[in-house]
Amino acid sequence: MSALLAILWKDLVSEWRSRDRLVAMGVFALLVVIVLYLAAPPGGGPEARAHVPGLLWVAWSFAGVLGLNRAFASELENEALSVLALAPVDRGFVFLGKALASFVLLLLVQAASALAFALAFDLDLRPVAGRLAGVAALGAAGLCTLGTLFSAIAVRTQYREVMLPLLLLPLLVPVLLGAVRATQALLLEGTLPWPALQLLLVTDGVFAIVSFLCFEVVLDE
Amino acid sequence: MSVLLRAQGLAKRFGAVTALFPLDLELEAGRTLAVLGPNGAGKSTLLRLLAGLARPSTGALEIDAAARSRAERRRAIGLVGHASFLYPMLTTRENLVLAARLHGLDAPGERAERALAEEELLGVADRRAGALSRGLAQRVAIARALLHAPRLVLLDEPWTGLDARAAERLTRRLAALPSAGRALVIVSHDLGRVAGLAARALVLVRGRAGWLAAEALHSEAALAPAYAACVEQLEGAA
């Protein structure tokens, strides 16, 4: 647990000082909002608002991939990844520390971009804010657990920027399916469908367990 | 004396290229082994294999037979690599505190402070590692590697970038480590420094290994011709 917290602290302090992931993720999510705002019919209306749940997840998932691409790139500088590989701890906790840091950053971007979407498309998110935050967090958890594992694999490949989305996005389909359906029902009908939540919870759990167990091998070489 | 490191038939291939041919190696606590050889000989590959950062293609490696788990074996190792392994956005002190926490040491802040004092690095404790000179970064890297008092210390060109005073202090420190029950593996081109430190020397040339007689390590004057002869012989074999 101490190693997990140490890695989380290290990643967040490094990010606070460099802001290289947060700025890239935030700017990307904001650009999506701007482009969609300009592409929507003038005056917005229910037609444009019907697309918001899917568009939110387009922005969040690609911003997440952008951040995850940098999650291990910073470990390559000075070969600092060796410090983690040599640490006498269960490498699953190294994985959890890295995944949690990415999760925190993605939550920040999700909060800021949800606000931008609400302003651009004249949405009142206040009645569903708590539940929307929960769905966003569940989707982010799935993205960050599997994304951290694949980021660690992709970082040592020649085309890591391309490799991560190629590996990750096809496997993220169940998470995105559950997250988009839950967000859609929440924003359009004010309800939270249990099957969508179930899908999110199960895939999050499976991704977390598989990634935790596989990280020992991934970090080896 | 307990054996800290035992390798049998340890070899490493990268595709069709053999970086290290099968090698047998044994190192007891309290001993220092020098690994010498020209560039591209496989010295750093050997060190990465011993540290557990790379998997051998064939052969077996045993680190600290008393260790019961992978984590315990990793705890036994302190590695100074070719790179500094430092996080550039963290300060010198923060890098050491992080290493202490990762090794589960008590009072990580105090341990880091003590290591900074020992290495005379308190003046740069709050400077970001990315802003340190090569020599200072190397001193921090050495402090980080020795922070958890590892039993097996692996060093890749440890004197690189150090000024004369720091290099001399490091040599004295390394000379004292075996008496504390540690074993050292030093990869270096600096024959003069390793001559006074090591009891055994392994020479690598294009992945092939040869051993130097113990007498060759008594002085640089004795080591230089013995090393040159061994390199020539191995080059002929390759």
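All of these numbers come straight from a predicted model, not from anything done at the bench.

1. Describing the confidence of the model for chain B
And step 1. Considering every residue of chain B, the mean pLDDT works out to 91; 99% of them sit at 70 or more.
And step 2. For this predicted complex, the interface confidence reaches an ipTM of 0.87, while the overall pTM sits at 0.89.

2. A look at the nonpolar core
Residues and elements named next belong to chain B.
And step 1. Core analysis: the biggest nonpolar cluster contains 153 residues, and V35, L154 and V203 have the highest contact counts within it.
And step 2. Of the domains in this structure, domain 1 (1-76 + 152-162 + 179-238) and domain 2 (86-149) are the two that each give at least three residues to this core.
And step 3. Contact partners of V35, with chain neighbours within four places excluded, come to K43, L46, V185, I186, V187, L202 and L204.

3. Re the packing of helix α8 (residues 129-154) of chain A against helix α10 (residues 173-189) of chain A
Packed helix pairs are specified by the crossing angle of their axes together with the interaxial distance, meaning the distance between the axes.
Residue and element names in this part refer to chain A.
And step 1. Viewed as axis vectors pointing N to C, α8 and α10 meet at an angle of 170 degrees, and their least axial separation amounts to 9 Å. The orientation of α8 relative to α10 falls into the category roughly antiparallel. Counting all contacts with α8, which are made through R131, L132, V135, L138, G139, G142 and L143, the residues of α10 involved are V175, A179, A182, T183 and L186.
And step 2. Of the residues that constitute the contact of α8 with α10, the class distribution is eight nonpolar, three polar and one charged.

4. Quick look at the interface of chain A and chain B
And step 1. Contact with chain A, which involves 22 residues of that partner, is made by 25 residues of chain B.
And step 2. Those elements that place two or more of their residues in the side of chain A that touches chain B are α1 (2-18) and α6 (81-86) of chain A.
And step 3. No other element matches the eight residues that α1 of chain A contributes to the side of chain A that touches chain B.
And step 4. Classifying every residue of the side of chain A that touches chain B by side-chain character gives ten nonpolar, five polar and seven charged.

5. Here we look at α1 of chain A
Each α-helix turn comprises 3.6 residues. Residues three or four places apart therefore point the same way.
And step 1. Counted at 1.5 Å a residue, the expected span for α1 of chain A with its 17 residues is 24 Å, and the 24 Å between its end C-alpha atoms agrees.
And step 2. Taken as a whole, α1 of chain A has its buried residues at A3, A6, I7, K10, D11, S14 and E15 of chain A. In an axial view of α1 of chain A, the angular spread of the buried residues amounts to 155 degrees, which keeps them on one side of the axis.
And step 3. Residues of α1 of chain A that are buried make contact with α2 (20-39), α5 (73-76) and α7 (91-120) of chain A together with α3 (92-102) of chain B.
And step 4. Once α1 of chain A finishes, R19 of chain A follows within two positions and takes phi at roughly 55 degrees, a positive value.

6. A word on the environment of L76 of chain A
Residues and elements named next belong to chain A.
And step 1. Note on placement: L76 falls in helix α5.
And step 2. With 13 C-beta atoms packed within 10 Å, L76 lands in the partly exposed category.
And step 3. Along the sequence, L76 and R160 sit 84 residues apart, while their C-alpha atoms lie 12 Å from each other.
And step 4. Beyond its immediate chain neighbours, meaning those up to four positions away, L76 contacts L81 and V155.

7. A short note on the domain arrangement of chain B
All names here are of chain B.
And step 1. Under the domain assignment used here, chain B contains domain 1 (1-76 + 152-162 + 179-238) and domain 2 (86-149).
And step 2. The gap between the C-alpha centroids of domain 1 and domain 2 is 26 Å.
And step 3. In this assembly, six residues from domain 1 lie in contact with nine residues from domain 2.
And step 4. In the side of domain 1 that touches domain 2, the residues fall into three nonpolar, two polar and one charged.

8. Looking at the packing of α2 of chain A against helix α4 (residues 52-71) of chain A
Residues and elements named next belong to chain A.
And step 1. Contact geometry of α2 with α4 gives a least axis separation of 9 Å together with a crossing angle of 155 degrees. When the interaxial angle is binned, α2 and α4 end up roughly antiparallel. You can see that α2 and α4 cross each other, and the crossing is right-handed. Along its contact with α2, which presents D20, R21, A24, M25, F28, A29, V32, V33 and L36, the element α4 presents L55, V58, A59, F62, A63, L66, G67 and R70.
And step 2. Tallied by class, residues from the contact of α2 with α4 come to 13 nonpolar, one polar and three charged.

9. Some remarks on the sheet that holds strand β7 (residues 183-187) of chain B
All names here are of chain B.
And step 1. Taken in spatial order, the six strands make up an open sheet running β5-β6-β7-β3-β8-β9, and their pairing is mixed. Looking at strand neighbours, the two that pair on one side only are β5 (77-80) and β9 (208-212), the edges of this open sheet. For this sheet the average axis-to-axis angle between neighbouring strands, irrespective of direction, equals 15 degrees.
And step 2. The sheet contact formed by β5 and strand β6 (residues 152-156) spans four bridges and is parallel. Of the residues in β6, the one forming a bridge with V80 is L155.

Basis of the calculations
Residues numbered from 1 in each chain as written. Chains lettered and ligands numbered in written order. Predicted model: local features only at pLDDT ≥ 70, side-chain atom pairs only at ≥ 80, totals over all residues. pLDDT = per-residue confidence, 0-100. Core = buried A, V, L, I, M, F, W, Y, C linked by C-beta atoms within 7 Å. Buried ≥ 20, exposed ≤ 12 C-beta atoms within 10 Å, placed from the backbone. Domains from an automatic or database assignment. Contact = placed C-beta atoms within 7 Å. Axes fitted to C-alpha atoms, helices over the stretch in contact; angles between N-to-C directions. Helix = DSSP H or I, 4+ residues; strand = E, 2+ residues; numbered from the N terminus. Parallel < 35°, antiparallel > 145°, perpendicular 65-115°, else oblique. Nonpolar A, V, L, I, M, F, W, Y, C, P; charged D, E, K, R; others polar. Expected span 1.5 Å × (residues − 1). Arc of directions from axis to C-beta. Left-handed = near helix turned anticlockwise from the far one by under 90°. Pairing = 2+ DSSP bridges.

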